[in-house]
Amino acid sequence: MLQLSFLSPPTSLSLPKTPWRTTTTHRTKLGFRYPSSRRPSPEAALRVERKSPSEGTAGGEGGGGRRESYDAIVIGSGIGGLVAGTQLAVKGAEVLVLEKYVIPGGSSGYYEREGFTFDVGSSVMFGFSDKGNLNLITQALEAVGCKMEVIPDPTTVYFHLPNDLSVRVHREYSAFIAELINKFPHEKEGILKFYGECWKIFNALNSLELKSLEEPIYLFGQFFKKPLECLTLAYYLPQNAGAIARKFIKDPQLLSFIDAECFIVSTVNALQTPMINASMVLCDRHFGGINYPVGGVGGIATSLAKGLVDKGSKILYKANVTNIILDQGKAVGVRLSDGREFFSKTIISNATRWDTFGKLLKTEDLPAEEANFQRIYAKAPSFLSIHMGVKATVLPPDTDCHHFLLEDDWDRLEKPYGSIFLSIPTVLDSSLAPEGHHILHIFTTSGIEDWKGLPQKDYDEKKELVADEIIGRLEKKLFPGLKNSIVFKEVGTPKTHRRFLARDNGTYGPMPHQIPKGLLGMPFNTTAIDGLYCVGDSCFPGQGVIAVAFSGIMCAHRVAADLGLEKKSPVLDAVLLRLLGWFRSVA
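Here is a short report on the structure shown in this document. (Residues numbered from 1 in each chain as written. Predicted model: local features only at pLDDT ≥ 70, side-chain atom pairs only at ≥ 80, totals over all residues. Heavy atoms only, no water.)

1. Some details on the overall build of the protein chain
Just so we agree on the cut-off: We count a stretch as a helix when DSSP gives it H or I for four or more residues in a row; a strand needs E for two or more, and each element gets its number in order from the N terminus. Note that accessible areas follow from Shrake-Rupley with a 1.4 Å probe, and for residues the cover is restricted to the protein chains shown.
Across its full length, the protein chain carries 17 helices and 21 strands. A total accessible area of about 22,200 Å² is found for the protein chain, and carbon and sulfur atoms account for 52% of it.

2. Observations regarding the pattern of salt bridges
Basically, it comes down to this: One side-chain nitrogen of Lys or Arg within 4 Å of one carboxyl oxygen of Asp or Glu is enough to make a salt bridge. Categorising residues by exposure relies on relative accessible area from a 1.4 Å probe, with only protein chains included: less than 20% of the type maximum marks a residue as buried, more than 50% marks it as exposed, and the intermediate range marks it as partly exposed.
Applying the stated rule across the entire model yields 20 salt bridges. Ionic pairing is found between Glu566 and Lys91, a salt bridge with its closest N-O pair at 2.7 Å. Within this pair, whereas Glu566 is found in the loop between helix 16 (545–562) and helix 17 (570–586), its partner Lys91 is found in the loop between helix 1 (79–90) and strand 3 (95–98), the two being separated by 475 residues in sequence. On the basis of relative accessibility, which here comes to 21%, the residue Glu566 falls in the partly exposed class. Among the salt bridges present, the one from Asp400 reaches Arg168, with a minimum N-O distance of 2.8 Å. Of the two residues, Asp400 is situated in the loop between strand 15 (382–391) and strand 16 (402–405) and Arg168 in strand 8 (residues 165–170); the sequence distance between them amounts to 232 residues. Residue classification places Asp400 among the buried residues on the basis of a relative accessible area of 9%. Taken together, the salt bridges that share partners define one network made up of Arg558, Asp562, Lys568 and Asp573.

3. Let's talk about the side chain of Asn350
Here is the rule: Residues adjacent in sequence count toward polar contacts only when both atoms are side-chain atoms; beyond that, a polar contact is any pair of N or O atoms within 3.5 Å, and within protein one must be able to donate a hydrogen and the other to accept it. Any two residues whose heavy atoms approach within 4.5 Å at even a single point are treated as in contact.
Residue placement: Asn350 occurs in the loop between strand 13 (341–349) and helix 11 (353–360). By relative accessible area, Asn350 is classed as buried at 14%. In terms of polar contacts, Asn350 uses its side chain to reach the backbone amide nitrogen of Gly81, at 3.0 Å. Here Val535 takes part through its backbone oxygen, which lies 3.2 Å from a polar atom of the side chain of Asn350. Ignoring sequence-local partners within four residues, the contact set of Asn350 consists of Ile75, Gly76, Ser77, Gly78, Ile79, Gly80, Gly81, Val535 and Gly536.

4. Observations concerning the environment of Ile325
Tracing the backbone shows Ile325 in strand 11 (residues 321–327). The exposure class assigned to Ile325 is buried, which follows from its relative accessible area of 13%. Separated by 18 residues in the primary sequence, Ile325 and Phe343 place their C-alpha atoms 8.5 Å from one another.

5. Comments concerning helix 8 (residues 252–266)
Note the threshold: Take the residue count of a helix, subtract one, and multiply by 1.5 Å to get its expected span.
Its 15 residues place the ends of helix 8 20 Å apart at the C-alpha level, agreeing with the 21 Å of an ideal helix rising 1.5 Å per residue. In this structure Asp251 caps helix 8, since a side-chain oxygen of it lies 2.8 Å from the backbone nitrogen of Gln253. Note on helix 8: the residue one or two positions beyond its end, Thr267, has a positive phi of about 60 degrees.

6. Side note on the environment of Ser313
Examined against the element boundaries, Ser313 turns out to sit in the loop between helix 10 (298–310) and strand 10 (314–316). Not counting residues up to four positions away in its chain, the partners in contact with Ser313 are Ala89, Ala93, Glu94, Val95 and Leu308. Polar side-chain contacts of Ser313 include one of 2.9 Å to the backbone nitrogen of Val95.

7. Let's talk about the side chain of Thr426
You can see Thr426 is positioned in the loop between strand 17 (420–423) and strand 18 (437–446). Since its relative accessible area comes to 4%, Thr426 is described here as buried. Side-chain polar atoms of Thr426 contact the backbone nitrogen of Ile439, separated by 2.9 Å. Every residue in contact with Thr426, bar those within four places of it in the chain, is listed here: Leu432, Ala433, His438 and Ile439.

8. Re the packing of aromatic side chains
The line we're drawing: Centres within 6.5 Å make a pair out of two Phe, Tyr or Trp rings, where for Trp the six-membered ring is used; the pair is then stacked when the planes are under 30 degrees apart, edge-to-face when over 60, and tilted otherwise. Criterion for a charge above a ring: Arg CZ or Lys NZ at most 6 Å from the ring centre, at most 35 degrees from the ring normal.
Summed over the entire model, instances satisfying the criterion amount to 20 aromatic pairs. Its guanidinium or amino end placed over the ring of Phe287, Lys131 lies 4.7 Å from that ring's centre, counting from NZ or CZ. Across the ring face of Tyr158, the terminal group of Arg168 is positioned such that the distance to the ring centre comes to 4.0 Å.

9. With respect to helix 4 (residues 188–206)
With 19 residues, helix 4 extends 26 Å from end C-alpha to end C-alpha; this agrees with the ideal 27 Å at 1.5 Å per step. Those residues of helix 4 that fall on the buried side of the exposure criterion are Gly190, Ile191, Phe194, Tyr195, Glu197, Cys198, Trp199, Ile201, Phe202, Ala204, Leu205 and Asn206. Looking at the packing, one finds that the buried side of helix 4 touches helix 3 (173–183), helix 6 (227–236), helix 7 (241–248), helix 8 and helix 9 (275–287).

10. Considering the pairing of strand 19 (residues 486–492)
Operational definition: Two strands form a pair only when DSSP identifies at least two bridges running between them.
For strand 19, a buried count of five out of seven residues is recorded, marking the element as mostly surrounded by other parts of the structure. Where strand 15 lies against strand 19, six bridges are found, and the strand directions are antiparallel. By the bridge assignment for strand 19, Gly389 is matched with Phe488.

11. A word on the nonpolar core
Here is a general trend for soluble globular proteins: nonpolar side chains tend to be buried in one another's company. As a reminder of what qualifies: Joining through side-chain atoms within 4.5 Å is the link that ties buried Ala, Val, Leu, Ile, Met, Phe, Trp, Tyr and Cys residues into a set, and such a set is a nonpolar core.
The biggest cluster of nonpolar side chains holds 125 residues, and the ones touching the most others in it are Phe159, Phe194, Tyr195, Phe257, Ile348 and Phe404. Ranked by residues supplied to this core, first place goes to helix 16 with 11 residues. Apart from residues lying up to four places away in sequence, Phe194 is in contact with Ala241, Ile244, Ala245, Phe248, Ile249, Ile258, Met275 and Leu282. Membership of the second largest hydrophobic core comes to 24 residues, among which are Ile386, Val390, Trp451 and Ile471.

12. Considerations on the pairing of strand 16
Every second residue of strand 16 is oriented toward a common face, with His402 and Phe404 on one face and His403 and Leu405 on the other, all of them buried. The pairing of strand 7 (residues 155–161) with strand 16 spans three bridges and is classified as parallel. Its bridge partner being in strand 16, Tyr158 is matched across the sheet by His403. Pairing of strand 16 with strand 17 involves four bridges; the strand directions are antiparallel. Across the sheet, residue His403 finds its bridge partner in strand 17, namely Leu422.

13. Examining a nonpolar patch on the surface
This is how the line gets drawn: Residues qualify for a patch when their relative accessible area is over 30% and they have no salt bridge, like charges being joined within 9 Å and the nonpolar side chains of Val, Leu, Ile, Met, Phe, Trp and Tyr within 5 Å.
A surface patch of nonpolar side chains, about 570 Å² in accessible area, is lined by Ile217, Phe220, Phe223, Phe224, Leu231 and Leu572. With four residues, the single largest contributor to the nonpolar patch is helix 5 (residues 216–225). Looking at the secondary structure, you find Phe220 in helix 5.

As structure tokens, this is what we get:
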């Protein structure tokens, strides 16, 4: 818990079955209409490459077609992969992005039903401001000449917590701190000290030019320019937010509130959330603020995809990568499910590391560093997601956009279906729904184990039962009459996320088995396979839109150096990569 196309579409487009099952009587096919004139026309929305291998397109081999080669192939068009691809394209690399679905974005994509435009994943957009160095989404768009209109969100999230504790996280830091101190006056000093530590880290990060931490020329250059800031980050790198909070705060309910703050960031409590990750989010929401893109989150990915093509690179849809091709131990290409093969100097996988090394890469032995990663981290749980259209009259005036609900028991915070995250983006952008209606995105953690082995009828019935319970909790606590106001509803389970978003078991990033040593155990972008890089939420610095954008920027810089598009020192590279590998081994 962090889109304008490119070429003309084909004359007919057969789209896959809807990812989320419709439970109302009316059903429509997935479309590409935008809800208002502020969104581009369908003709500008996407292009799907449909040529067969025999036509020899874009690197396909067959029927005498010539073999083309790229500087980089990116597997998957999530935000991390698109940022990496566009950053490389801007540096002059020829990039091919391969996406198994028919539009870009992955969990930051969108879909349309009956006049509603739904964000697939989170609607809370960090890194989307016009200032600082951590506005990574803004920077990524600007790099390819794109700019999106945004709507400022006055409240990041409204917490509804046990013991009738409610806290609004206001956009203005002073207003948030004043409200928190008002709830916990006896912890005023501890509150100021803990969030002060967050600001110390954020300011250090925000002062640096963010590139690859695996590239020594950049790293040493930043150290000589900003030694104090670099030392600050090095000091906090192995530390977790919960441990630091406990240095200053004693009240168990306030510590539980900080757990909830971190849970939104990383789906784990504060003791398991790296302090650097927590600080990025807990401060950026006040520094740059949460800004929602006009037309929906899906516009980010489609804008990046358009920018990629504008810079002379390519993106192919319905291109399901099944294998990474190795030649004498080096990654040199990929093979698709339809038999096409594409080749390049480097391969960047935006799949999870579990998918990359468990499915795409056919190797007998797991590389030692990947085995170490899987020893330290488990797959974070997936989500039950409910996307609804409701009558606007059910929401009170001045309803906040984002809510977090945990009613009775702090111990349920991390348990399946324990806490509920709710987003109502039409509070900010009414164009996403028909007049007189709102959109509700509801998410709660759920493991795939709960959904395995069920006959289809039982599976469908269970979806409805669980969704009805979740909606009932929101109705009781926040919106009386909610159930009767529903005009459209779709429910997705971890199996849905696995099938349509290619997430291993539906997971959204790694979760430490035990209390981790900050970010020391997180892998970066390079891998033990020559020419193969990873990007996304199972790489440093982890989950969230701002984090995967950071991962994409770092990956592009490292790959560019290896392609000769940035300065490089092979000797320093070898020393730094060995040192970083050692740090991960002791985490």
